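Take a look at the letters that make up each chain.
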Number of protein chains: 2
Amino acid sequence: MKNLMDIYARKRKDVAAIEKELEESVYSDHPLLRETSTHLLKAGGKRIRPVFVLLAGEFGTYKLQTMKLVAVPLELIHMASLVHDDVIDDANTRRGQLTVRSKWDNRIAMFTGDYIFAKALSVITDIPKPAVHKIMSKAIVEMSIGEMEQIRFFFNTDQTVRDYLLRIRRKTALLIAISCQLGAMAADSPDWISNKLYTFGYNIGMTFQIRDDILDLIGTEKQIGKPPGSDVKQGNITLPVLLAMKDPNLRPHILTELDRIHKLDGQTDVSLFLDIIRGSAGIDEADRLSQRYLDKAIAALDKLPNIQAKKDLIEVAHFIGNRSY
Amino acid sequence: MKNLMDIYARKRKDVAAIEKELEESVYSDHPLLRETSTHLLKAGGKRIRPVFVLLAGEFGTYKLQTMKLVAVPLELIHMASLVHDDVIDDANTRRGQLTVRSKWDNRIAMFTGDYIFAKALSVITDIPKPAVHKIMSKAIVEMSIGEMEQIRFFFNTDQTVRDYLLRIRRKTALLIAISCQLGAMAADSPDWISNKLYTFGYNIGMTFQIRDDILDLIGTEKQIGKPPGSDVKQGNITLPVLLAMKDPNLRPHILTELDRIHKLDGQTDVSLFLDIIRGSAGIDEADRLSQRYLDKAIAALDKLPNIQAKKDLIEVAHFIGNRSY
């Protein structure tokens, strides 16, 4: 995924421009903030939100300068939410790098998140469209509810697949949805197009997160940049696990393992747990649901004009649905 | 200050309307967020930002519905920053009530802050004026730098009065400044008026924080709703202390005490420290500086039309400059 850019060399220059703008946007005279923010940026990331903004912008009047004003804040909001997430997850590494909370401390991570978040807002308000600001702020409210919601469901074995889907909707899908929508809106494309792109983004966001959650269970540390089983160690019970628990033969073993991991606060080997889930039907079933979202995403593009960006969006979508890293 | 409203019974109805709107704005289907947010709101507060918004609005076309859309988010941002502040301060009580971090935990306090903050943005974007959104987001960036800055200066005895003033500018004065400015802008008053009100708000914000810092040193727990000396226990070195340290006879004693309190991480009796500062010229000198800001605030109103709101602003300003609680 880190070389997502290779798929569409076409946008490479603009993605690079956004990367530069990201660096400049978090530049601060404050030495510690500069250090923590730069550390975060350097840790890299898939930058899929900026890519979606750029592709969506091609359905209207594409101006890189305007696209930047949408792409940069969306990536910053994503980064800010990761820093705060790492605080509650007690995460020490992300993408193979030390997290801010681990390199500095939780309080510094909290304020770094606050700062990056504030910077994001400051950039987007350079677009003089109140509707854009409104959509973004509403999505952020949902995201923040999602953050809190995570805590409630840690190690909660009564949760349903619906609870899970609602959670990843808030945590991931909404921000990707509005990346597509706002990219189109900022480029003055008609409402019906930005709405279709919202639907595309929402569904591909769901695919993305389900795939992410599958990879945490079946990937290797090298592939995913963190030890597999990180989710369950934090108490995050994901779709394949919920589906595996529907098997009456496996359910008691999964519950026992979850209980054990919970009691040890995640500070334990989880290979038995991973083996059970890998041997269950949960992985394939989760993958099928992920593919259904992928199909819906692509269907949403149906009526859009057949420009290059549409082909690219489809290609990126397939990549996201089938990635193994 | 809790009965600030008694001073201007005139706005009591509108302040009550805002109080109601504040409650509704943080209402959430999420049980924990509803609980934490309501707890915060019930802890009360001076609501001076909403009051400034309302009074500033009278210099234009005053519509309560529009005023609410400015007053509510400004108070919410203030609240959100308090919750995050309590996390770094390890504060257990504020205004005589348990803090969110103490009643729940630091992570829940962090997310409650994120949520209230997001809600604030969502409310203000109902005002279709990009300039309003821009001013607000820029102030929030400064505030977030100020949050991080606090950490840097904890127990830092090399800091100057200038460092202190810059810190309280970000921490307090800017938000009060834009409360006045945005109240006027939302009411469509001319730019020169909203700019004068910004200057008023900025200066009265400085007065407010200096007074607050003095009260932490000379007030009683009953007056200030927390034990006196809370600032120094957290490592927050305030203006009266910096000024007292200029006295070569007192300086070594203050440094010794600060060092002792620092080493004990604030978990110690600070009455000797308080006695030294109370016996120094620092309190009176800080008070004089606070009065200078007060004078500047009132001077900024000079050319504004002589409406009732102007008289009220002056009255509130004097109250803030001389309050003992």
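Preceding this section is the structure that the text describes.
None of the values given here were measured: they were computed from a predicted structure.

Draft legend 1. Molecular detail of the overall build of chain A. Summing up its helical and strand segments, chain A has 17 helices and 2 strands in all. For 325 residues, the compact-globule estimate of 2.2 N^0.38 gives 20 Å, and chain A sits close to it at 19 Å. With respect to the principal axes defined by its C-alpha atoms, chain A has extents near 55 × 50 × 35 Å. Within chain A, counting contacts between residues at least 6 apart in sequence, those at least 24 apart form 75% of the total. Of the charged side chains in chain A, 45 are positive and 42 negative; the average position of the first set lies 4 Å away from that of the second.

Draft legend 2. Examining the interface of chain B and chain A more closely. Taken together, the contact between chain B and chain A spans 41 residues of the former and 41 residues of the latter. Taken together, the two surfaces of chain B and chain A that pack against each other cover about 3,600 Å², and 74% of this comes from carbon and sulfur. Considering only the side of chain B, the residues that lose the most area to chain A are Arg107(B), Phe111(B) and Met148(B), jointly responsible for 20% of the buried surface there. Put simply, chain B and chain A have 2 salt bridges between them. Where Asp126(B) meets Lys134(A), a salt bridge forms, and the shortest distance between an N and an O atom there is 2.6 Å. For the pair chain B and chain A, the interface holds 13 residue pairs in polar contact (both at pLDDT 80 or more). Elements represented by at least two residues in the side of chain B that touches chain A include exactly helix 3 (31–42), helix 5 (64–89), helix 7 (106–124) and helix 8 (130–153) of chain B. A per-element tally of the side of chain B that touches chain A places helix 8 of chain B first, with 14 residues. Of the residues assigned to the side of chain B that touches chain A, the class counts are 19 nonpolar, 10 polar and 12 charged.

Draft legend 3. Inspection of the relation of the copies chain B and chain A at higher detail. The two copies are related by a screw operation: chain B maps onto chain A through 180° of rotation and 0.0 Å of translation along the axis, at an RMSD of 0.0 Å. Read as a symmetry element, the transformation amounts to a two-fold axis. Closest approach to the rotation axis among the C-alpha atoms of chain B is made by Pro130(B), whose C-alpha sits 2.9 Å away. Counting the interface residues of chain B, we find that 100% of their copies in chain A are interface residues as well, pointing to one common contact surface.

Draft legend 4. Expanded view of the environment of Val132(B). Residue and element names in this part refer to chain B. With respect to the helices and strands, Val132 occurs in helix 8. Assessed through its relative accessible area of 0%, Val132 is described here as buried. With 130 residues separating them in the primary sequence, Val132 and His262 have C-alpha atoms 42 Å apart. Residues within four places of Val132 in sequence aside, it is in contact with Ile124, Leu182 and Met185.

Draft legend 5. Here's a closer look at the side chain of Gln150(B). Residues and elements named next belong to chain B. Inspection of the secondary structure puts Gln150 in helix 8. Of the residues examined, Gln150 reaches a relative accessible area of 7% and is grouped as buried. Among the polar contacts listed, one links the side chain of Gln150 to the side chain of Asp85, at a separation of 3.1 Å.

Draft legend 6. Layout of the packing of aromatic side chains. All names here are of chain A. Applying the stated criterion to the full structure yields 3 aromatic pairs over all chains. Relative to Phe200, the ring of Phe52 has its centre 5.8 Å away and its plane inclined at 80°; by these criteria the two rings are edge-to-face. With a gap of 148 residues between them, Phe52 in helix 4 (residues 48–57) and Phe200 in helix 10 (residues 191–218) connect regions that are remote in the sequence.

Draft legend 7. Structural detail: the nonpolar core. Phe52(A), Leu197(A), Phe200(A), Phe52(B), Leu197(B) and Phe200(B) are the most contacted members of the largest nonpolar core, which totals 155 residues. Counting 32 residues, the second largest nonpolar core, distinct from the first, contains Phe155(A), Leu239(A), Val241(A) and Ile261(A).

Draft legend 8. Focus on the packing of helix 8 (residues 130–153) of chain A against helix 7 of chain B. One way to put it is that helix 8 of chain A packs onto helix 7 of chain B with a least axis distance of 8 Å and a crossing angle of 160°. Judged on the interaxial angle alone, helix 7 of chain B and helix 8 of chain A are roughly antiparallel. As for how helix 8 of chain A packs across helix 7 of chain B, the hand of that crossing is left-handed. When helix 8 of chain A is examined against helix 7 of chain B, the residues Lys134(A), Ser137(A), Lys138(A), Ile140(A), Val141(A), Ser144(A), Ile145(A), Glu147(A), Met148(A) and Ile151(A) are found in contact with a partner set consisting of Ile108(B), Phe111(B), Thr112(B), Asp114(B), Tyr115(B), Ala118(B), Lys119(B), Leu121(B) and Ser122(B). Residues that form the contact of helix 8 of chain A with helix 7 of chain B fall into these classes: 10 nonpolar, 4 polar and 5 charged.

Draft legend 9. Spotlight on the pattern of salt bridges. The tally for this structure, following the rule as stated, stands at 34 salt bridges over all chains. Across the pair Lys11(A) and Glu58(A) runs a salt bridge whose closest N-O atoms are separated by 2.5 Å. Linking Lys11(A) in the loop between helix 1 (4–7) and helix 2 (12–25) with Glu58(A) in the loop between helix 4 and helix 5 (64–89), this pair joins segments that are 47 residues apart in sequence. The shortest N-O distance in the salt bridge between Asp312(B) and Arg10(B) comes to 2.4 Å. You can see Asp312(B) sitting in helix 17 (residues 308–322) and its partner Arg10(B) sitting in the loop between helix 1 (4–7) and helix 2 (12–25), a full 302 residues away along the chain. Looking at Arg10(B), the relative accessible area reads 40%, which means it is partly exposed. If you follow the salt bridges from partner to partner, you end up with Arg10(A), Lys11(A), Asp14(A), Glu58(A) and Asp312(A) in one network.

Draft legend 10. A look at unusual backbone geometry. All names here are of chain A. Phi at Asp265 is positive, roughly 60°, even though this residue is not glycine. Within the fold, Asp265 resides in the loop between helix 14 (251–263) and helix 15 (271–278). Overall, Asp265 belongs to the exposed group, its relative accessible area being 58%.

Draft legend 11. Geometry of the environment of Gly183(B). Residues and elements named next belong to chain B. When you line up the elements, Gly183 lands in helix 9 (residues 161–186). Residue classification places Gly183 among the buried residues on the basis of a relative accessible area of 0%. Sequence-wise, Gly183 and Gly321 are 138 residues apart; in three dimensions their C-alpha atoms are separated by 22 Å. With sequence-adjacent residues up to four places away left out, Gly183 is seen in contact with Val53, Ala56, Gly57, Met67, Val70 and Ile178.

The rules behind the values
Residues numbered from 1 in each chain as written. Chains lettered and ligands numbered in written order. Predicted model: local features only at pLDDT ≥ 70, side-chain atom pairs only at ≥ 80, totals over all residues. Heavy atoms only, no water. Helix = DSSP H or I, 4+ residues; strand = E, 2+ residues; numbered from the N terminus. Rg over C-alpha atoms; globule rule 2.2 N^0.38 Å. Contact = heavy atoms within 4.5 Å. Lys, Arg positive; Asp, Glu negative; His and termini not counted. Charge placed at Lys NZ, Arg CZ, Asp CG, Glu CD. Buried area = accessible area lost by both parts, 1.4 Å probe. Salt bridge = Lys/Arg side-chain N within 4 Å of Asp/Glu carboxyl O. Polar contact = N/O pair within 3.5 Å; in protein donor to acceptor, adjacent residues only side chain to side chain. Nonpolar A, V, L, I, M, F, W, Y, C, P; charged D, E, K, R; others polar. Least-squares fit on C-alpha atoms with pLDDT ≥ 70 in both. Buried < 20%, exposed > 50% of the residue type's maximum accessible area, 1.4 Å probe, protein only. Phe/Tyr/Trp six-rings, centres within 6.5 Å; stacked < 30°, edge-to-face > 60°. Core = buried A, V, L, I, M, F, W, Y, C linked by side-chain atoms within 4.5 Å. Axes fitted to C-alpha atoms, helices over the stretch in contact; angles between N-to-C directions. Parallel < 35°, antiparallel > 145°, perpendicular 65-115°, else oblique. Left-handed = near helix turned anticlockwise from the far one by under 90°.

Note that every value here comes from positions in space, so none of it alone points to a role or purpose.
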